[in-house]
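# Summary of the model geometry
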Amino acid sequence: MSTPITVGSRRPRLDADAKVRGQTRYTADIALEGALAGAVARSPHAFARVVRVDVTRAAAMPGVRAIVYAGNTPPQPLDFGIKDQHLFPRPYARYAGEPVAAVAADSEAQARAAAAAIDVEYEVLEPVLDAQRALEAASPLVHPDWKSYEKLPTRVLRGNVCGYNRIRRGDVAAAFERSDVVVHASEFRFSPGLPGYIEPRAAAARRETDGGLTVWCGSQSPYDNRDELAKFFGLAPERVRFINQFVGGAFGGKIIMAPEWYAAALALQCDRPVRMAWSRHEDGLHAFPRHGGTASFRSAATADGRLVAMRASFIYDTGAYIGYGTGTALISTMLASAPYRIPDLDLEATLVYTNKHVAGPVRAPGGPQANYAKELHLDELAALLGLDPLEFRLRNAWEDGDRGPGGQKLSGVRVKEALRKAADAVGWGTPARPGSGRGIACTWWFSSCGESKARVEVRADGTILLASGNPEVGTGASSTALPMMAAEVLGVDPARITVVLSDTATDTYDSGVGGSSSTFGAGMAVAAAAGDARTKLLALAEDALEARTEDIELRDGRALVRGSPDHSVPLADLARKAGGSVTGLGESAEQDDPEFDESLTETHGFASWLAPSYTASAAHVDVDRATGAVIVRKLATAQDVGYAVNPVGAIGQIEGGAVMGVGWALTEALAFDERGHVKPDLKDYLMPTAVDAPEIETILIESSPGVGPYGLKGVGEPPITTPPAAIACAIRAAVGAAPHETPMTPERVWRAARQE
């Protein structure tokens, strides 16, 4: 492969100008002629049996056009790994805020008034609001009818337990009994946290005259959402069209459908389109938060600082339904001991139901939680051994040839390089003033290659269109990185390429944004589509220029003969010659997961990781011992990205992850009681803003190429996983102890410092 020209260069976001000028259209901006307004009626109870729903009074109210509820929508459950959820309660409402009906009316005020007028009779039941309580034998069942549920064979379901996995290697108990080891145990608690996107959720839907359905939305996974919706309502997938708009942030919170369901259900019963745009408050009631939970760790190391054994156990609260909660538990056990060489392991994670809103796959599910607990626990063990935290990590960090928790053989390991570079960036080893501390943390993460298709059209009018099913959710992957990859192949300026936002009518299937897969899987498809178009253009140029294909190159929008730049033809002329356009098609190539040792795992479907990357963060903090207030002075993250298609974009992802990590570590906490989310609005949820951001240094490590296009690895998720742990360790360094509960509020820091 020749040296890339466009790919690898630092490029500003191609969608930035329109966004800062307010010209970008989001879902709530979609104006459909004659659209009705939709509103949702929600359960006020954390747990109740819905005895009766009477819509008579609401249906007679002015402007009301349709009401949907369990009585007039399909009875089958939604299509998750455990079929435990219906569109509307049948018969149990399992969290406060769960939709029990939806209304379409001429105006939003009329829809909301009618929603409030729906008569619902509840039999209120005792809720389960704590994961530990859910595990008690005497606890009420969140799903009294759980034994009747269909589920995938790999899923674990027994009472309030809806997920479990375990990785075991060696003899942990025997290792703990050895006379030459120091054993340390720690307990941790994590708060759930919002995905933290800016754009509240919205959707619009219209029943077409042929009985089909069109949905406008801001989804992370429009194709899969289309298929789910089509299956549920008994429509052929090709008769359902999802048109995705720009998405104002998602962070895993927009993988699962929310207003799309209700807008679609209403539209199918109306002769006018239905628009549903949630307020921030309503969005907060229906957010899919990061899992809260607990963790316990017990580890042993020799006096010279060699780790010999670890036992770790996580319990995660996944809320009322399974949704996509399983990944958090699977990933946590893969992170609990990593990236360290520990001979004997016993790692397990359990998911439990409670009567809260469904937790979701928020950016790097399980990552901040597992790393925070593991790294602070190991920091404390290092202190017991009298070792420098960095040196302790370097002594135990993986190297090429080591094996991951599930037995996967590792190569291209860059843990030590990441640790050293992050440490150097915060002045590790230099004296710190009183009340100031430095902390460090490291981890590994997976790359994923989702299924994706793309189409590139070079047109006779000089335009180039790029259609990819991968939605633009605010990362810049689809809007900028993908056209850069097409431009590299076609020899044009990326700014000449118009990206068609994800639209299922383009038939460019994509499995969606998740698992840091966009530039990996969709990039593979785009590069293949551009390569297909390039091949066709070169064949046309061969005739036009009377030169051999191998002597022709594509550059600056023209095909030209090497060494004779004046002997050229514009790509537009070649498209005209081809009848109006030259189209290239491409799709991602399936990637095999690395081999692992199945005998080490129990009900674990994610025990080996494709093209893993390695990340380390170091933090420098000041702590006011009198108040417990923490100021993060600097965060440095060194990340193995394999190859940075657009370094500006990669740095933006890492900087965003750092700020997100500061929030999860220090301020963000969701509170639930029998009323549901107690503080669903951002005014009460302390999410950091630009003014709270510390100095951030990013270090891209590109010496460990992955298997993605140009050797790239997934970038978006790792940088949120290590900053909270680094901050915790820095607090410990500053005042001698750090809270074992997030967020690490001033009160918790103050209490931890007093108990040092």
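These remarks concern the structure in this document. These numbers come from a predicted model, not from an experiment. (Residues numbered from 1 in each chain as written. Predicted model: local features only at pLDDT ≥ 70, side-chain atom pairs only at ≥ 80, totals over all residues. Heavy atoms only, no water.)

### Overview of the overall build of the protein chain
Secondary structure assignment for the protein chain yields 19 helices and 29 strands. By the compact-globule yardstick of 27 Å for 756 residues, the protein chain fits well, its C-alpha radius of gyration being 27 Å. The principal-axis extents of the C-alpha atoms in the protein chain amount to approximately 80 × 80 × 50 Å. Taking all 756 residues of the protein chain together, the buried fraction comes to 62%. Sequence-distant contacts, at least 24 apart, represent 80% of the contacts inside the protein chain between residues at least 6 apart. Put simply, the protein chain shows about 27600 Å² of open surface, and 50% of that area lies on carbon and sulfur atoms. Averaging the locations of the 77 positively and 92 negatively charged side chains of the protein chain gives two centres separated by 2 Å. (Helix = DSSP H or I, 4+ residues; strand = E, 2+ residues; numbered from the N terminus. Rg over C-alpha atoms; globule rule 2.2 N^0.38 Å. Buried < 20%, exposed > 50% of the residue type's maximum accessible area, 1.4 Å probe, protein only. Contact = heavy atoms within 4.5 Å. Areas by Shrake-Rupley, 256 points an atom, 1.4 Å probe, with all protein chains shown as cover. Lys, Arg positive; Asp, Glu negative; His and termini not counted. Charge placed at Lys NZ, Arg CZ, Asp CG, Glu CD.)

### Some remarks on the environment of His291
Relative to the assigned elements, His291 resides in the loop between α8 (280-285) and β13 (292-302). Considered as a pair, His291 and Gly360 are 69 residues apart in the sequence and their alpha carbons are 7.0 Å apart. Within the structure, the side chain of His291 is placed 2.9 Å from the side chain of Thr318, a separation counted as a polar contact. A distance of 3.1 Å separates a polar atom in the side chain of His291 from a polar atom in the side chain of Thr328. (Polar contact = N/O pair within 3.5 Å; in protein donor to acceptor, adjacent residues only side chain to side chain.)

### A word on helix α12 (residues 415-425)
Residues Val415, Lys416, Ala418, Leu419, Ala422, Ala423 and Ala425 constitute the buried set of α12. Among the structural elements, α11 (389-396), β16 (436-447), β25 (610-623), β26 (630-640) and β29 (695-701) are those in contact with the buried residues of α12. Looking at the residues trailing α12, positive phi occurs at Gly427, about 70°.

### Describing the environment of Ala618
Positionally, Ala618 belongs in strand β25. Ala618 sits 273 residues away from Leu345 along the chain, and the two C-alpha atoms are 26 Å apart. Residues contacting Ala618, with those up to four places away along its chain left out, are Ala422, Ala423, Val426, Gly439, Ile440, Lys634, Leu635, Ala636 and Ala726.

### A closer look at the nonpolar core
Formed by 147 residues in total, the largest nonpolar core has its most connected members in Phe314, Ile727 and Ile731. It is helix α18 (residues 723-735) that contributes the most residues to this core, nine residues altogether. Grouped together as the second largest cluster of nonpolar side chains are 43 residues, Val7, Leu482, Ala541 and Leu610 included. (Core = buried A, V, L, I, M, F, W, Y, C linked by side-chain atoms within 4.5 Å.)

### A few points about the sheet that holds strand β3 (residues 64-69)
Here seven strands make up an open sheet; going across it, the order is β3-β5-β1-β12-β9-β10-β11 and the pairing mixed. Whereas interior strands pair on both sides, the edge strands pair on one side only; in this sheet they are β3 and β11 (240-244). Averaged over all adjacent pairs, the angle separating strand axes in this sheet is 20°, with direction ignored. Where strand β9 (residues 202-207) lies against strand β10 (residues 213-217), five bridges are found, and the strand directions are antiparallel. Note that in β10 the partner of Arg207 across the bridge is Leu213. Sheet strands in contact with helix α7 (residues 259-267) are β1 (36-42), β3, β5 (99-105), β9, β10 and β12 (274-277), and its direction is about 25° off that of β9. (Pairing = 2+ DSSP bridges. Axes fitted to C-alpha atoms, helices over the stretch in contact; angles between N-to-C directions.)

### Quick notes on empty space enclosed by the protein
For the structure shown, the criterion picks out five cavities of 30 Å³ or more. Of the volumes computed, that of the largest cavity is approximately 150 Å³. Lining of the largest cavity is provided by 18 residues; of these, Leu78, Gln85, Met257, Tyr262 and His286 occupy positions nearest its centre. Within the lining of the largest cavity, the residues separate by chemical class into 12 nonpolar, five polar and one charged. (1 Å grid on protein atoms, 1.4 Å probe; cavity = no way out; pocket = protein on both sides within 12 Å on 5 of 7 lines; lining within 4 Å. Points joined across faces, edges and corners; volume = space filled by probe spheres on them. Nonpolar A, V, L, I, M, F, W, Y, C, P; charged D, E, K, R; others polar.)

### Structural notes on helix α16 (residues 647-666)
Taking 1.5 Å of rise per residue, the 20 residues of α16 would be expected to cover 28 Å, and the 29 Å separating its terminal C-alpha atoms lies within 8% of that figure. Across the 20 residues that make up α16, a large majority, 15, are buried. (Expected span 1.5 Å × (residues − 1).)

### Points about the sheet that holds strand β2 (residues 48-54)
Ordered in space as β4-β2-β6, the three strands form an open sheet in which the pairing is antiparallel. The open sheet has two edge strands, β4 (92-93) and β6 (119-124), and neither has a second partner.

### Some thoughts on the pattern of salt bridges
A full pass over the atoms with the stated rule returns 55 salt bridges. Between Arg94 and Asp145 there is a salt bridge, with the nearest N and O atoms lying 3.3 Å from each other. With Arg94 in the loop between β4 and β5 and Asp145 in the loop between α4 (131-135) and β7 (161-169), this residue pair connects regions lying 51 residues apart in the sequence. Measuring nitrogen to oxygen at the nearest pair gives 3.8 Å for the salt bridge that ties Asp346 to Arg311. With Asp346 in strand β15 (residues 344-353) and Arg311 in strand β14 (residues 307-319), the pair connects residues that are 35 residues apart, well separated along the chain. According to the relative accessible area criterion, Asp346 is buried, its value standing at 10%. Given a relative accessible area of 33%, Arg311 falls into the partly exposed group. Several salt bridges share partner residues, and in doing so they unite Lys374, Glu375, Asp379, Arg393 and Arg732 into one network. (Salt bridge = Lys/Arg side-chain N within 4 Å of Asp/Glu carboxyl O.)

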